[in-house]
Amino acid sequence: MFNRLLVISLCAVALPAARGTSQAPPKAPEIIVYASEVKASGLSEFDFWNDPASPGGKMIGTVQKGDHLDPPPENDPNVTFTVPVRSGVDYRCWIHMKVGEPKGVSTANKLFVQFSGAVDQANKEVLRPGTASYLTAEGPTQVGWKWVACEDGGEDRLVRFQKNGEVTVRLQGGAEGVGFDQFLLSPARFVEKAPTEAVVSK
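Residues numbered from 1 in each chain as written. Predicted model: local features only at pLDDT ≥ 70, side-chain atom pairs only at ≥ 80, totals over all residues. Heavy atoms only, no water.

Chemist: Help me out: how do you make sense of the overall build of the chain in this one?
Modeler: A count of helices and strands for the chain gives one helix and 15 strands. For the chain, contacts bridging at least 24 residues in sequence account for 75% of all contacts bridging at least 6. On the chain, roughly 11,100 Å² of surface is accessible, and the fraction owed to carbon and sulfur atoms is 53%. (Helix = DSSP H or I, 4+ residues; strand = E, 2+ residues; numbered from the N terminus. Contact = heavy atoms within 4.5 Å. Areas by Shrake-Rupley, 256 points an atom, 1.4 Å probe, with all protein chains shown as cover.)

Chemist: For this particular structure, what's the right way to read the state of the cysteines?
Modeler: Simply put, the disulfide is a covalent bond whose two ends are the sulfur atoms of two cysteines. Per the counting criterion, the structure on display carries one disulfide. Disulfide pairing is shown between C93 and C150; the S-S distance is 2.0 Å. Separated by 57 residues along the polypeptide, C93 in strand β6 (residues 91-99) and C150 in the loop between β10 (144-149) and β11 (151-152) bring together distant segments of the chain. For C150, a relative accessible area of 0% gives the class buried. (Disulfide = S-S within 2.5 Å. Buried < 20%, exposed > 50% of the residue type's maximum accessible area, 1.4 Å probe, protein only.)

Chemist: Quick question: what am I supposed to make of the layout of surface pockets here?
Modeler: Empty space among the atoms can be located by rolling a probe the size of a water molecule over them. The calculated volume of the largest pocket comes to roughly 170 Å³. Forming the walls of the largest pocket are I32, V33, E37, V38, K39, S41, G42, T80, F81, T82 and K202. Those elements that place two or more of their residues in the lining of the largest pocket are β1 (31-34) and β5 (78-85). Top contributing element to the lining of the largest pocket by residue count: β5, with three residues. (1 Å grid on protein atoms, 1.4 Å probe; cavity = no way out; pocket = protein on both sides within 12 Å on 5 of 7 lines; lining within 4 Å. Points joined across faces, edges and corners; volume = space filled by probe spheres on them.)

Chemist: I keep staring at the side chain of N78 and nothing clicks. Help me out?
Modeler: Of note, N78 is situated in strand β5. The exposure class of N78 is buried, given its relative accessible area of 7%. A polar contact is formed between the side chain of N78 and the side chain of N75, at a distance of 3.3 Å. Setting aside residues up to four positions removed in sequence, N78 forms contacts with G42, L43, S44, F46, R170, L171 and Q172. (Polar contact = N/O pair within 3.5 Å; in protein donor to acceptor, adjacent residues only side chain to side chain.)

Chemist: Is there a simple way to explain the pattern of salt bridges in this structure?
Modeler: A side chain with one charge can pair with a side chain of the opposite charge if their charged atoms come near. Under the defined criterion, the tally for this structure stands at six salt bridges. A salt bridge links E197 to R189; the shortest N-O distance between them is 3.0 Å. (Salt bridge = Lys/Arg side-chain N within 4 Å of Asp/Glu carboxyl O.)

Chemist: Hey, could you run me through the nonpolar core in this one?
Modeler: In a soluble, globular protein the nonpolar side chains are often hidden away together inside. Formed by 37 residues in total, the largest nonpolar core has its most connected members in I95, F115, F183 and L185. Residue assignment for this core shows that the elements contributing at least two residues are β1, β5, β6, β7 (110-115), β9 (135-138), β13 (158-161), β14 (165-173) and β15 (179-186). Ranked by size, the runner-up nonpolar core spans eight residues in total, among them I32, W94, W147 and V200. (Core = buried A, V, L, I, M, F, W, Y, C linked by side-chain atoms within 4.5 Å.)

Chemist: Can you walk me through the confidence of the model for the chain in this structure?
Modeler: Note that predicted coordinates carrying low pLDDT should not be read in detail. Residues of the chain with pLDDT of at least 70 account for 87%, and the chain-wide mean is 90. Below pLDDT 50 for its whole length, residues 1-18 participates in zero contacts with residues either more than four positions away or in separate chains. (pLDDT = per-residue confidence, 0-100.)

Chemist: Can you help me understand the packing of aromatic side chains in this one?
Modeler: The geometry of two aromatic rings is summed up by the distance between their centres and the angle between their planes. Throughout the structure, instances matching the rule amount to five aromatic pairs. When the centroid spacing of 5.4 Å and the interplanar angle of 70 degrees are considered together, the rings of F81 and F183 count as edge-to-face. Taken together, the residues span a long stretch of sequence, with F81 in strand β5 and F183 in strand β15 at a distance of 102 residues. When the centroid spacing of 5.0 Å and the interplanar angle of 70 degrees are considered together, the rings of F112 and Y134 count as edge-to-face. Residue F112 is located in strand β7, and its partner Y134 is located in the loop between β8 (118-119) and β9; the two are separated by 22 residues in the primary sequence. Exposure remark for F112: the relative accessible area of 6% places this residue in the buried category. Among the aromatic residues, those joined into a cluster by ring pairs are F81, Y91, F115, F161 and F183. Between K202 and the ring centre of Y34, over which it is positioned, the NZ or CZ distance is 4.6 Å. (Phe/Tyr/Trp six-rings, centres within 6.5 Å; stacked < 30°, edge-to-face > 60°. Lys NZ or Arg CZ within 6 Å of the ring centre and 35° of its normal.)

Right under this line is the structure:
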């Protein structure tokens, strides 16, 4: 009888502990956007180009005329699309860039990057489209494909968002002739190093 009471007592103590066990919050997923998934309505003076090496066989680029392009808030050729993000997560931004042939004053290797809803460590709004706050993805001068980090004054910059939900990404041409086929916001896998594969699978 004593043993039965002891077992019942131990079970009664264990049950509340099981109910109170907290689970770790789910990890933020990698955010990968293929150029082929971007809506045509999101392109301004950029075009879809066929490229068999790109996901879906499409990349996005701007025609090389050799002219100069200005950074935001100047409204030069741009691409916009939305992505789902998590608040309080540090993301690293990467662009799989196609560096084009240089011509005139254009080196065909630069994009400016902005986000709606982005904040700094003090929770102050930054990088908003239509402002002079932006990151720069500048590739090498060598023509070809390269994963390029989004930087702030030459320094890697993590991107953080104020709220969970959809935000707008705006990529503005910093040099004519530049193109891209993938955009990546990484909270984990590529925070320290760029992808090594030409196409990051979802």
